[in-house]
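Here is how the chains run, residue by residue.
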Amino acid sequence: MKKRWFAFVGSLIGLVLLSGCQKMKDDIAQLKEPIPTGIVLLTSEVQVQNGTSVQIPFRVNPSNYVPTLEQLSLDVISSQITRVAYGTSIPEYTLVDIQPAKNSQGEVLDGQWVAIVEATEGAYYGEARLALVLNYTDAQGETVQMTSTSVALLNSYVKLTSTSVALNGPSACTYLNTSTSLPISTSTQLVALPISEGSSTLFDLTTVSVVSAQLSGPKADQFTLQTDESGQKWSVSANSSALEFGEGEQYVPVTLTVTLRDLISGEEVPITKTIRFYQTAYTAPAVEYKLSEWPADNRQRIDMGAYLAEVGVTAELFTRYSEQDYLPTIFRPTFSVMDATGQTNASSKYRASFSLLNDVADDPGEESISNVVIAPETNYLQQRFYAKPVEGSYLVQVKLQYSRVESIVSSNPQPTIQAAITIPVNILP
């Protein structure tokens, strides 16, 4: 009996000793495991495009400590997007992976890693100060957090698209200045557009560069393209006053293509603008008045929308890309009456006072002198005859000039539209 008791006690003591030895071995093995003493980001500023990822290099001391993705978290210390707490990220930025860092020969660098951070797709600009937080178990078995001793400024940008920027300036231009007999030079430059519909934030033009600018079109070789010193503004003009127009052709279209490079992604995007260069004169179809239907107030109205379009004055001419853009304004319109052959000795029976008018939008019954009008299709010419005319024919000629303010006050004023519209008028019984 005593022998059995001593054998049992001996076995129990042996198990305790074995258990203690195993724990000691585990403790020794744990002590042999490297314990992180520091984490350092190796860059102070990085750039990323929304919807893509960026690599942030970092080191862990000692160099033989191997971190895992589960141990690391992104710490957004500050951001204008969202206020955050210690050791937390925000929805706009996510740590998605870590990888061993390699040199240019593809060799792994001991103790050096790269954190892969992804920026959410979307139209926004972000700026955040980032750190990395390493979670590990210390010698007492406690789970603790160690934050990197340095931070990195992460700037996120909007991707360049064909709707991010535009070429401003008039879409139509008279090719020749009738005052100087020199070709008119029309200018256009890159302008930033809102990053999304309804947004007040404009695309950042400092994130793009101009790769090339060139003209195209059937008669592009008859035009000259010049770039100013900024590299983001161009002027286009005919090579000479002898611009060739085809039969029945009222304008010549020329397309400017500017190729831009996104400095973040390296992608190239073409931006285009077509400018129509118009002739300086247009003869409209004949207008007929009947004496038998003559108005008592001696006023006749000629709708001018279709005629103005033939010299380039359409609603598109008044497109504004920003609040800083100046719209073309009509400048010194003149009216004259000639006989049917184009001579100035028209009968006094056809004399009238002329006004270029436009219906006021909120009250069609009212009239407004057409100085600044963004809907020229509703423009009309009012003739107020001094007396009831006689049967016959005559010509009305309207000379008009549209110019932008910055052109008028410049040292080399350039009109946008400078043309004469001739309207034959027939007075019938």
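Here's a quick rundown of the structure. (Residues numbered from 1 in each chain as written. Predicted model: local features only at pLDDT ≥ 70, side-chain atom pairs only at ≥ 80, totals over all residues. Heavy atoms only, no water.)

### Focus: the overall build of the protein chain
Then, number 1: Counting its regular elements, the protein chain contains three helices and 29 strands.
Then, number 2: Put simply, the protein chain has 429 residues, and 40% of those count as buried.
Then, number 3: Sequence-distant contacts, at least 24 apart, represent 68% of the contacts inside the protein chain between residues at least 6 apart.
Then, number 4: For the protein chain, the exposed surface amounts to about 23,200 Å²; the carbon and sulfur share of it is 51%. (Helix = DSSP H or I, 4+ residues; strand = E, 2+ residues; numbered from the N terminus. Buried < 20%, exposed > 50% of the residue type's maximum accessible area, 1.4 Å probe, protein only. Contact = heavy atoms within 4.5 Å. Areas by Shrake-Rupley, 256 points an atom, 1.4 Å probe, with all protein chains shown as cover.)

### Focus on the nonpolar core
Then, number 1: One finds Tyr 289, Met 304, Tyr 307, Tyr 394, Ile 421 and Ile 423 to be the most contacted residues of the largest nonpolar core, which totals 37 residues.
Then, number 2: For this core, the secondary-structure elements that each account for two or more residues are β21 (287–290), α2 (305–309), β25 (352–360), β27 (379–385), β28 (392–403) and β29 (417–428).
Then, number 3: Residue contacts for Tyr 289: discarding those within four places in its chain leaves Trp 294, Gln 300, Ile 302, Gln 383, Phe 385, Tyr 394, Val 425, Asn 426, Ile 427 and Leu 428.
Then, number 4: Formed by 29 residues, the second largest nonpolar core is a distinct cluster that contains Ile 56, Ile 98, Ala 128 and Ala 152. (Core = buried A, V, L, I, M, F, W, Y, C linked by side-chain atoms within 4.5 Å.)

### Remarks on the sheet that holds strand β14 (residues 186–192)
Then, number 1: Spatial strand order, β10-β14-β17-β16: four strands in an open sheet with antiparallel pairing. The open sheet has two edge strands, β10 (165–167) and β16 (223–227), and neither has a second partner. Mean inter-strand twist for the sheet, computed between neighbouring axes without regard to direction, equals 15°.
Then, number 2: Two elements, β16 and strand β17 (residues 233–238), share five bridges in a ladder whose sense is antiparallel. Of the residues in β17, the one forming a bridge with Thr 224 is Ser 237. (Pairing = 2+ DSSP bridges. Axes fitted to C-alpha atoms, helices over the stretch in contact; angles between N-to-C directions.)

### Examining the environment of Pro 424
Then, number 1: Looking at where Pro 424 falls in the secondary structure, it is placed in strand β29.
Then, number 2: Of the residues examined, Pro 424 reaches a relative accessible area of 17% and is grouped as buried.
Then, number 3: The spatial distance from the C-alpha of Pro 424 to the C-alpha of Gly 342 is 9.7 Å, given a sequence separation of 82 residues.
Then, number 4: In this structure Pro 424 touches Thr 283, Ala 284, Pro 285, Ala 286, Val 287, Tyr 394 and Leu 395, once residues within four positions along its chain are discounted.

### Describing the pattern of salt bridges
Pairing is possible between side chains that carry opposite charge, provided their charged atoms lie close to one another.
Then, number 1: Scanning the model with the defined rule gives five salt bridges in all.
Then, number 2: Residue Lys 219 is joined to Glu 249 by a salt bridge in which the shortest nitrogen-to-oxygen separation is 2.9 Å. Taken together, the residues span a long stretch of sequence, with Lys 219 in the loop between β15 (208–216) and β16 and Glu 249 in the loop between β17 and β18 (251–262) at a distance of 30 residues. (Salt bridge = Lys/Arg side-chain N within 4 Å of Asp/Glu carboxyl O.)

### Considering the sheet that holds strand β6 (residues 108–119)
Then, number 1: Spatially, β1-β3-β6-β5 is the arrangement adopted by the four strands of the open sheet, whose pairing is antiparallel. Bordering the open sheet on either side are β1 (38–41) and β5 (93–102), each of which pairs with just one other strand. For this sheet, the mean angle separating the axes of adjacent strands, direction not counted, is 30°.
Then, number 2: Pairing of strand β3 (residues 53–61) with β6, which is carried by seven bridges, proceeds in the antiparallel orientation. Note that in β6 the partner of Ile 56 across the bridge is Ala 115.

### So, the environment of Asp 297
Then, number 1: Residue position: Asp 297 is located in the loop between β21 and β22 (299–303).
Then, number 2: Sequence-wise, Asp 297 and Phe 385 are 88 residues apart; in three dimensions their C-alpha atoms are separated by 8.5 Å.
Then, number 3: A polar side-chain atom of Asp 297 sits 3.1 Å from the main-chain amide nitrogen of Arg 299. (Polar contact = N/O pair within 3.5 Å; in protein donor to acceptor, adjacent residues only side chain to side chain.)

### Considerations on the packing of aromatic side chains
Then, number 1: Across all of its chains, the model carries 10 aromatic pairs by this definition.
Then, number 2: Judged by centre distance (4.8 Å) and plane angle (20°), the ring pair of Tyr 350 and Tyr 394 falls under stacked. Here the residue Tyr 350 occupies a position in the loop between β24 (334–339) and β25, and Tyr 394 occupies one in strand β28, the gap between them amounting to 44 residues. Here Tyr 350 and Tyr 394 have matching classes, each one buried.
Then, number 3: Taken together, the ring pairs in this structure connect Tyr 289, Trp 294 and Phe 385 into an aromatic cluster.
Then, number 4: Positioned above the aromatic ring of Tyr 251 is the side chain of Arg 276, whose terminal nitrogen or guanidinium carbon lies 5.8 Å from the ring centre. (Phe/Tyr/Trp six-rings, centres within 6.5 Å; stacked < 30°, edge-to-face > 60°. Lys NZ or Arg CZ within 6 Å of the ring centre and 35° of its normal.)

### Here's the deal with the pairing of β18
Then, number 1: Burial within β18 is extensive, with nine of its 12 residues counted as buried.
Then, number 2: Where β15 and β18 come together, eight bridges link them in antiparallel fashion. Its bridge partner being in β18, Leu 215 is matched across the sheet by Leu 256.
Then, number 3: Sheet topology note: the β18/strand β19 (residues 268–278) ladder contains 11 bridges and is antiparallel. Within β19, the position partnered with Thr 255 by the bridge is Thr 274.

### Re the side chain of Asn 379
Then, number 1: Along the polypeptide, Asn 379 turns up in strand β27.
Then, number 2: Under the relative-accessibility criterion, Asn 379 is labelled buried at 0%.
Then, number 3: Polar side-chain contacts of Asn 379 include one of 2.5 Å to the side chain of Asn 358.

### Re unusual backbone geometry
Most peptide bonds are trans, and most residues other than glycine sit at a negative phi.
Then, number 1: Cis geometry is adopted by the peptide bond preceding Pro 62, which originates at Asn 61 and carries an omega value of 0°.
Then, number 2: Looking at the secondary structure, you find Pro 62 in the loop between β3 and β4 (72–79).
Then, number 3: With phi around 60°, Ser 181 is a residue other than glycine that occupies positive phi space.
Then, number 4: With respect to the secondary-structure elements, Ser 181 resides in the loop between β12 (176–177) and β13 (182–183).
Then, number 5: Exposure remark for Ser 181: the relative accessible area of 47% places this residue in the partly exposed category.
Then, number 6: Its identity is not glycine, yet Asn 298 carries a phi of approximately 60°, on the positive side.
Then, number 7: Classification of Asn 298 by relative accessible area gives buried; the value is 17%.

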